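Each chain, written out:
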Amino acid sequence: MERMIIFCMLFFCSSMVLTAAPQKAVKYKQLVKTIEHLETVVKDEDAELLHTPENPVDGCLLTAVTCFQSGTLKLQPKNSQVNSTFIKTVKILRRTILRDSGKQCESSCESYEKKTPKDFLKSFAKLMKKVIRVSASWLFFDISQ
């Protein structure tokens, strides 16, 4: 009887872990699609250059994502026709994406090279794809993620 209870508990816990991962992955994949959509409606000519984190180490992912989120406030739509959807899209990207891991990163947003808005968004999408990979690898080590 004890073995049966232990087996049921292990089965339940493992199924909870497996369902938690796809939900986060789906959320992150939707964010990547949102960023890629924003690339098509963002003003790129005569626009302010933005600090663009590239290839941050795993401990600096939160800092890099925060830099991207701050940079999205400086983006402008191509034209007034896309303005309302543009504003909604930027608001989606301003929501909390990652939780603070407690690790401090030594680099700041200003330490990164400035790039055009489209290159900025391409790097943001690339970073979110890295976050998807990293969060999937943490799945079996940290259930709270």
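Everything below is about the structure printed above this text.
These figures come from a predicted structure and were not determined experimentally.

Novice: Give a detailed account of empty space enclosed by the protein, specifying residues and quantitative values.
Specialist: All told, the structure shown has one cavity of 30 Å³ or more when counted by the stated rule. When its volume is computed, the largest cavity comes out at roughly 30 Å³. Lining the largest cavity are Lys 43, Ala 47, Glu 48, Lys 74, Leu 75, Gln 76 and Pro 117. Considered class by class, the residues forming the lining of the largest cavity number three nonpolar, one polar and three charged.

Novice: How would you summarise the pattern of salt bridges if you had to cite specific residues and measurements?
Specialist: Scanning all chains against the criterion turns up three salt bridges. As a salt-bridge pair, Lys 74 and Glu 48 come within 4.0 Å of each other at their nearest N and O atoms. Placement of Lys 74 in the loop between α2 (61–72) and α3 (83–94) and of Glu 48 in the loop between α1 (2–41) and β1 (50–51) is noted, with a sequence separation of 26 residues between them. For Glu 48, a relative accessible area of 44% puts it in the partly exposed group.

Novice: Could you give me a rundown of the side chain of Gln 69, with the residues and numbers involved?
Specialist: Structurally, the position occupied by Gln 69 is in helix α2. Within the structure, Gln 69 has its side chain in polar contact with the backbone oxygen of Arg 95 (distance 2.6 Å). If near-sequence neighbours (up to four positions away) are discounted, Gln 69 is found in contact with Leu 93, Arg 94, Arg 95, Thr 96 and Ile 97.

Novice: Before we move on, can you summarise the packing of α2 against α3 with the specific residues and values?
Specialist: Look at α2 against α3: their axes get within 9 Å of each other, and the N-to-C directions meet at 155 degrees. As far as their axial angle goes, α3 and α2 are roughly antiparallel. Between α2 and α3 lies a crossing whose hand is left-handed. In this structure, α2 contributes Gln 69, Ser 70 and Thr 72 to the contact, and α3 contributes Val 90, Leu 93 and Arg 94. For the contact of α2 with α3, the residue count by class is two nonpolar, three polar and one charged.

Reading guide: rules and limits
- Residues numbered from 1 in each chain as written.
- Predicted model: local features only at pLDDT ≥ 70, side-chain atom pairs only at ≥ 80, totals over all residues.
- Heavy atoms only, no water.
- 1 Å grid on protein atoms, 1.4 Å probe; cavity = no way out; pocket = protein on both sides within 12 Å on 5 of 7 lines; lining within 4 Å.
- Points joined across faces, edges and corners; volume = space filled by probe spheres on them.
- Nonpolar A, V, L, I, M, F, W, Y, C, P; charged D, E, K, R; others polar.
- Salt bridge = Lys/Arg side-chain N within 4 Å of Asp/Glu carboxyl O.
- Helix = DSSP H or I, 4+ residues; strand = E, 2+ residues; numbered from the N terminus.
- Buried < 20%, exposed > 50% of the residue type's maximum accessible area, 1.4 Å probe, protein only.
- Polar contact = N/O pair within 3.5 Å; in protein donor to acceptor, adjacent residues only side chain to side chain.
- Contact = heavy atoms within 4.5 Å.
- Axes fitted to C-alpha atoms, helices over the stretch in contact; angles between N-to-C directions.
- Parallel < 35°, antiparallel > 145°, perpendicular 65-115°, else oblique.
- Left-handed = near helix turned anticlockwise from the far one by under 90°.

Shape is all these values report; function is a separate question.
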